[in-house]
Amino acid sequence: MKRTPLYQVHESLNAKFTEFGGWEMPLQYSSIVKEHLSVRTNVGLFDLSHMGEFDVSGPGVNELVQKLSTNDIGRLTDGRVLYTLFCNETGGIVDDLLIYRRADDHYMLVVNAANIDKDLTWVETHNNAGTKVKDVSENTALIALQGPKSIEILNPFVPKRDVSEISFFRFVVDEIAGIPTTISRTGYTGEIGFELYVDASDAENLWNVLYPAVIEADGQPVGLGARDTLRLEAGLRLYGMDMDDDTNPFEVGLGKFVKSKGRQFIGKGALLAAKKKGIVKQMVGFQMLDRAVARAGYAVYQQGEHIGSVTSGAPSPSLKCNIGFASISSKITLEDEGIDIEVRGRLHSAKIVNLPFI
Amino acid sequence: MIPQNLKYMESHEWARQEGDIVTIGISDYAQSEIQDIVYVELPEVGTELTQKTEFGVIESVKAAFDLYAPVSGEVIEVNESLLDAPEQVNESPYDDGWFLKIKMTDPSELDALLDADGYQAHIEAEHA
C-alpha cells in the first residue's frame, strides 16, 4: 500500500488506518463522530495527499482538456476552479475531478486516488497534439482545512492577503508561513474551507504550522471516516460508490455539469442519445425512519416493488439519524416519498428527502 | 484491562456466568476498535441462541459488525436501554453496555471459551 508524506505524523497521533484506493490512510484519530462535529462547529485538518494531481500544459492543452470534460472549461479564467466529469464514449463516468486554470495554457487536474492510473491513461490516449501531461501526484501533498474557523486559522500565516477574499472555487498561489502553496477555496465537507497543495517535501512543515492552530481552535485532525459522513450530509457523490464507468451523469444527478451547447466532448453523442431515450435511473437522498442503518448495496423497495439500491449510507452525526443516497428507477415520482430499504432481510421504512441533507 | 472473571470469544464477545444464567456483551478492546456505536440490534426475549452463531448486529458510523453467541440457550432478558443509548457499549462495555442474559442449556460450553489470559494473547496476535 502507498503512504502519504504525512504517514508518520498520523502514526504519532495514534490514527487508525484503513486501505483506500491503494493507499494506507488515516480512518480516524479519536472518533468519527467527534471529528465530524468538529468540522461542522470549529475546524478540521485533513491529509488528502492520496488524491492525484496532473500538471497539463503547452500546445493543444485547451483543446485536450475541453474535449475530455463534460463541463465547459471555456468558463475558466486564471485562478478559477471547475468541477467536471470525464465521460467515456458511451457516456459512463471515467472520473469526477477539479480543474484548476493556472494560466491560459496551464491546468492542474485533481483526480480521485483510485483512478490516477486510469485517468492518466485516459488523458494520454486522447493527447494527440503533444500537450505536456505530467502526473505530479507523488510530489504533491494536499492538506485540507475545513470548517467555520478555517479563515481565522489560516489568515495569520498568509501575511500578503486576507484569505476570506478568496471566493468559492477560486485559488491563489501564495505562501503559508513561507511555504509555497496553492490555496484553493474548495472542499468536500459542505463547510467553508481550503484545500492546500504543496510540494510533498513541505507537507510535514505545513501540517506542523496548521495543527497547533487547529487544536487551539478546538479543532481536530480528521480521517477518511468523517470525510465520508461529511460529504454524505453535504450531498456530494463519491466516485466508486455513487458512480462508476457504467453510470452516466444524469443518472446520479450531475447533469448540470454536462454542457453540450456549442461544444464537443467525449461521450457527448452517447449522453444526448441517452437523454433522448429517457434516463432510467435517478439518484435520491433518503432518511431512515427507524434506527436501522442502510449501507451501500442494500435493496430499495416501494410498495413491494424493487426499485433500486443504496449507493452510500451511514449514520449522520449532525442530524442524528441514518441517511444515504439511493439509485432508483426514474419511474418513481418523488411525491410519494415513502420507500423501504432491506436491512439484513427485513424491510425498514425510509423517506426520500432533498439533497443536501444539511 | 481485561476482567479476569469473564470468558471470551475470539470474536470479542464476553460471557459472565451466574449459576445457569450468562450475561453477554463485547469487550473493551472490541468497542474501542468499533467506535461510535449508534445502534445495537438484539433478539427478543424467548429467542433460542446457538453457541457461535449470529444473534445480533452492532452498527457504528463506519460499518456493521455481527455478534456471536458465546453459549446456547434462551434469551431471558434484553438490555432495552441500549435502544436509546447505544453509546453505553462504548462507555461501559462490561457493565451498562451488556446485551443479553441467557439461560444456558449446556454449561460445559463455557469451557470452549477463552479465559482472560487466552483472550489477551488472542488480541495481541490479532493486533500484531
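Residues numbered from 1 in each chain as written. Chains lettered and ligands numbered in written order. Predicted model: local features only at pLDDT ≥ 70, side-chain atom pairs only at ≥ 80, totals over all residues. Heavy atoms only, no water.

**Here we look at the interface of chain A and chain B**
At step 1: Taken residue by residue, the interface counts 15 residues in chain A and 17 residues in chain B.
At step 2: Taking both partners together, chain A and chain B bury about 1,400 Å²; carbon and sulfur atoms supply 49% of that area.
At step 3: Joining chain A to chain B, the criterion identifies three salt bridges.
At step 4: Linking chain A to chain B there are 14 residue pairs in polar contact (both at pLDDT 80 or more).
At step 5: Of all the elements in the fold, those that place two or more residues in the side of chain A that touches chain B are strand S2 (23-28), helix H2 (32-41) and strand S16 (305-316) of chain A.
At step 6: Counted by class, the side of chain A that touches chain B contains seven nonpolar, four polar and four charged residues. (Contact = heavy atoms within 4.5 Å. Buried area = accessible area lost by both parts, 1.4 Å probe. Salt bridge = Lys/Arg side-chain N within 4 Å of Asp/Glu carboxyl O. Polar contact = N/O pair within 3.5 Å; in protein donor to acceptor, adjacent residues only side chain to side chain. Helix = DSSP H or I, 4+ residues; strand = E, 2+ residues; numbered from the N terminus. Nonpolar A, V, L, I, M, F, W, Y, C, P; charged D, E, K, R; others polar.)

**Focus: the packing of aromatic side chains**
Residues and elements named next belong to chain A.
At step 1: Summed over all chains, the structure comprises nine aromatic pairs over all chains.
At step 2: Taking 4.7 Å as the distance between ring centres and 75 degrees as the angle between the ring planes, the aromatic pair formed by tyrosine 83 and phenylalanine 257 counts as edge-to-face. Of this pair, tyrosine 83 sits in strand S5 (residues 81-87) while phenylalanine 257 sits in the loop between helix H7 (224-233) and helix H8 (268-277), placing them 174 residues apart in sequence. Here tyrosine 83 and phenylalanine 257 have matching classes, each one buried.
At step 3: Measuring from ring centre to ring centre gives 5.4 Å for tyrosine 100 and tyrosine 197, while their planes differ by 80 degrees; the resulting arrangement is edge-to-face. With tyrosine 100 in strand S6 (residues 93-103) and tyrosine 197 in strand S12 (residues 193-199), the pair connects residues that are 97 residues apart, well separated along the chain. (Phe/Tyr/Trp six-rings, centres within 6.5 Å; stacked < 30°, edge-to-face > 60°. Buried < 20%, exposed > 50% of the residue type's maximum accessible area, 1.4 Å probe, protein only.)

**Quick notes on the sheet that holds S5 of chain A**
Residue and element names in this part refer to chain A.
At step 1: The strand order S5-S6-S7-S4-S8 describes an open sheet built from five strands, whose pairing is antiparallel. Every other strand in the sheet has two partners, leaving S5 and strand S8 (132-135) as the edge strands with one partner each. Strand-to-strand, the axes of this sheet are offset by a mean angle of 25 degrees, without reference to chain direction.
At step 2: Where strand S4 (residues 52-57) meets strand S7 (residues 106-111), six bridges bridge the pair, whose relative direction is antiparallel. Directly across from phenylalanine 54, in S7, lies its bridge partner leucine 109. (Pairing = 2+ DSSP bridges. Axes fitted to C-alpha atoms, helices over the stretch in contact; angles between N-to-C directions.)

**Some points on the domain arrangement of chain A**
Accessible area lost during the coming together of the parts is what is often quoted as the interface size.
All names here are of chain A.
At step 1: By the assigned domains, chain A splits into domain 1 (7-51 + 138-233) and domain 2 (280-358).
At step 2: Relative to domain 2, the C-alpha centre of domain 1 lies at a distance of 31 Å.
At step 3: A buried area of about 880 Å², summed over both sides, lies between domain 1 and domain 2, and 66% of it is on carbon and sulfur atoms.
At step 4: The largest per-residue losses of area from domain 1 upon contact with domain 2 belong to Arg231, Leu232 and Glu233, which jointly make up 66% of the total buried on that side. (Domains from an automatic or database assignment.)

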